[in-house]
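Analysis of the macromolecular model
If you want the building blocks of each chain, they are given just below.
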Amino acid sequence: MKSSIQHIDFNVEEIRKDFPILSRKVNGKPLVYLDNAATSQTPQVVIDAIVNYYCNYNANIHRGVHTLSQEATDAYEQARQKIQTHFNAKHSHEIILTSGTTHSINLVAHGFSSFLKKGDEVIVSALEHHSNIVPWQMLCEKTGASLKVIPMNQEGELVITAYDNLLSEKTKLVFVNHISNALGTINPIEEIINKAHKFGAAVLIDGAQACPHLKPDVQALDVDFYVASAHKMCGPTGVGMLYGKEKWLNKLPPYQGGGEMIAEVTFEKTTYADLPHKFEAGTPNISGCIAFGAAVDYMNSIGFDAIATYENELLNYATKKLLDIEGLKIYGNTQNKTSVISFNIDNIHPYDIGTIVDKLGIAVRTGHHCAQPIMDFYKIPGTVRASFSFYNTKKEIDALYQAVKKAKLMLS
Ligand SMILES: *Cc1c(COP(=O)(O)O)cnc(C)c1O
């Protein structure tokens, strides 16, 4: 992963103290948490933000004149502003708070179903998470538009020349993840966005896997939509965001009807509230959104340059170490990747490896990682995936190495 090297005092042992869970044991061994691509762990400041809300100002937002409601509304809107600043959106109302990446994608897919027609084309990539495939399939089924797929190569990279051939005046939408959750590949999204715009197509980038590692600038990217989940970047589960350019959010119809999203309601006609409330029907996860803001603050306090540099060091260390095990094959070998290692050993089932290393306190992911088409491409049932965060250590990678070696010995 590329990053500008900066000298920041990065002390992983100090950072680990921010995460209460990292000191627990699993099966009598110290927890080694290497499933960060599925969900990250939560620092005390983020937990405190939730506790503080429920202890001191739990109230519904945007409705009450009373003090608690005003405090809750202020904190909720402050969180939106923190997220706006973090992603460098032009306006705070371009940030829609959602229940996560999946919700954000479905919101956009639903909106586009009123624009698309037969003959239109939607392009996705071969590296997508299921949550970035299924909504578009549903959209195409509903509208008669057709779905095209940018293929991938053995290294786990998208084949951009094939993308060039797919693009045409018929292309209305392009959906690609910023970073693949299954392989860690960083996709060339600037190029993908620029090329789509030449044909007037809108682009949605799924940043769920990128936001734990880097700080996207939505204005510099000129992206139309960018989505992410809080729980992959030190925040709570069930909370996320959708960035949309103002012009697009004004154009899209609301996703859900209900309270908060209306300006005026009569039985004849309802007029919708302004952005962002048009897309935030009902009572949101208020404490979760506030904690999302706290998570963004926390990650920025560590610093994304320091995170990238350190995680890259972990990735190189772990790659070298694991490849030392005979028969171990890593999937996704592009130079441009984040700290994810997807691997198999000979014909051993990934599930069996996962089970044995768990006995030794090590949490890794096994299976298809919600990206079955990638597994089909490699003709494998799944992989073992170890994904590293800035709070992991080389000592933990050594423990993984020993555990995987032991698993291999027991299983072959
Ligand atoms: C995790 C993930 C999702 C889904 O996120 P949810 O929080 O479960 O909605 C989508 N895309 C990618 C690339 C992911 O890593």
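**Brief notes about the overall build of the protein chain**
When helices and strands are counted, the protein chain shows 14 helices and 17 strands. Relative to the 2.2 N^0.38 estimate, which gives 22 Å for 412 residues, the radius of gyration of the protein chain is 22 Å and therefore close to what a compact globule would have. Seen through its C-alpha atoms, the protein chain measures out along the principal axes to roughly 70 × 55 × 40 Å. For the protein chain, the proportion of its 412 residues judged to be buried stands at 55%. Sequence-distant contacts in the protein chain: of pairs separated by 6 or more residues, those separated by 24 or more amount to 72%.

**Let's talk about the sheet that holds strand β16 (residues 365-367)**
Reading across from one edge, β13-β14-β17-β16 is the order of the 4 strands in this open sheet, with antiparallel pairing throughout. What marks the edges here is a single partner per strand, and that holds for β13 (328-331) and β16. Averaged over all pairs of adjacent strands, the angle between their axes in this sheet comes to 30°, without regard to strand direction. Both β13 and strand β14 (residues 340-345) contribute to a ladder of 4 bridges, which runs antiparallel. Paired with L328 across the two strands is I345, which belongs to β14.

**Here's the deal with the packing of aromatic side chains**
For any two aromatic rings, the description comes down to two numbers: the centre-to-centre distance and the angle of the planes. Taken as a whole and assessed by the stated rule, the structure comprises 16 aromatic pairs. When the ring of F112 is compared with that of W248, the centres are 5.2 Å apart and the planes differ by 40°; the resulting orientation is tilted. Linking F112 in helix α4 (residues 101-112) with W248 in helix α9 (residues 246-251), this pair joins segments that are 136 residues apart in sequence. For the residue pair F112 and W248, the accessibility class agrees, reading buried in each case. Ring geometry for W136 versus F175: centroids 3.3 Å apart, planes at 15°, classification stacked. Here the residue W136 occupies a position in helix α5 (residues 134-143), and F175 occupies one in strand β7 (residues 171-177), the gap between them amounting to 39 residues. A single burial state applies to W136 and to F175, both of which are buried. Grouping aromatic residues by their ring pairs yields a cluster made of F19, Y298, F390 and Y391. Here the guanidinium or amino end of K321 rests over the ring plane of Y401, the centre of that ring lying 4.9 Å away. Over the ring of Y317 we find K394, and its NZ or CZ is 5.3 Å from the ring centre.

**Some thoughts on the environment of Y76**
When you line up the elements, Y76 lands in helix α3 (residues 67-87). Taking relative accessible area as the criterion, Y76 reaches 0% and is therefore assigned buried. Put simply, Y76 and D274 are 198 residues apart on the chain and 17 Å apart in space, counted from C-alpha to C-alpha. Contacts of Y76, omitting those with residues within four sequence positions, involve I61, H62, L97, E280, P284, I286, C289 and I290.

**With respect to the environment of V12**
Considering the arrangement of structural elements, one finds V12 in helix α1 (residues 12-16). Under the relative-accessibility criterion, V12 is labelled buried at 13%. For the pair formed by V12 and N392, sequence separation is 380 residues and the distance between their alpha carbons is 7.6 Å.

**With respect to a nonpolar patch on the surface**
On the surface, a cluster of nonpolar side chains totalling about 270 Å² of accessible area is made up of I262, V265 and Y272. Relative to the helices and strands, Y272 resides in strand β12 (residues 270-272). Judged by relative accessible area, Y272 falls into the partly exposed class, the value being 44%.

**Here we look at the domain arrangement of the protein chain**
You can read the domains of the protein chain as domain 1 (12-40 + 303-411) and domain 2 (48-300). A C-alpha centroid distance of 28 Å is found between domain 1 and domain 2. Contacts between domain 1 and domain 2 engage 35 residues on the former and 36 residues on the latter. For the domain 1 and domain 2 pair, buried surface summed over both sides reaches about 2800 Å², with 56% attributable to carbon and sulfur atoms. When the buried area of domain 1 at its contact with domain 2 is split by residue, F304, T338 and I374 rank highest and sum to 23% of it. Applying the counting rule to domain 1 against domain 2 returns 0 salt bridges. Taken together, domain 1 and domain 2 are joined by 22 residue pairs in polar contact (both at pLDDT 80 or more). Those elements that place two or more of their residues in the side of domain 1 that touches domain 2 are α11 (304-323), β14 and α13 (372-378). Per element, the largest residue contribution to the side of domain 1 that touches domain 2 is 6 residues, and it comes from α13. Here the residues of the side of domain 1 that touches domain 2 sort into 18 nonpolar, 13 polar and 4 charged.

**Digging into the nonpolar core**
Core analysis: the largest hydrophobic core is formed by 108 residues, its most contacted members being V174, Y226, F343, I374 and F390. For this core, the element with the most residues is helix α10 (residues 286-302), which contributes 11 residues. Counting only domains with at least three residues in this core, you end up with domain 1 (12-40 + 303-411) and domain 2 (48-300). The next biggest cluster of nonpolar side chains, apart from the first, holds 25 residues, and it includes W136, L139, A202 and L275.

What counts, and at which threshold
- Residues numbered from 1 in each chain as written.
- Predicted model: local features only at pLDDT ≥ 70, side-chain atom pairs only at ≥ 80, totals over all residues.
- Heavy atoms only, no water.
- Helix = DSSP H or I, 4+ residues; strand = E, 2+ residues; numbered from the N terminus.
- Rg over C-alpha atoms; globule rule 2.2 N^0.38 Å.
- Buried < 20%, exposed > 50% of the residue type's maximum accessible area, 1.4 Å probe, protein only.
- Contact = heavy atoms within 4.5 Å.
- Pairing = 2+ DSSP bridges.
- Axes fitted to C-alpha atoms, helices over the stretch in contact; angles between N-to-C directions.
- Phe/Tyr/Trp six-rings, centres within 6.5 Å; stacked < 30°, edge-to-face > 60°.
- Lys NZ or Arg CZ within 6 Å of the ring centre and 35° of its normal.
- Patch = residues over 30% accessible without salt bridge, like charges linked within 9 Å, V, L, I, M, F, W, Y side chains within 5 Å.
- Areas by Shrake-Rupley, 256 points an atom, 1.4 Å probe, with all protein chains shown as cover.
- Salt bridge = Lys/Arg side-chain N within 4 Å of Asp/Glu carboxyl O.
- Domains from an automatic or database assignment.
- Buried area = accessible area lost by both parts, 1.4 Å probe.
- Polar contact = N/O pair within 3.5 Å; in protein donor to acceptor, adjacent residues only side chain to side chain.
- Nonpolar A, V, L, I, M, F, W, Y, C, P; charged D, E, K, R; others polar.
- Core = buried A, V, L, I, M, F, W, Y, C linked by side-chain atoms within 4.5 Å.

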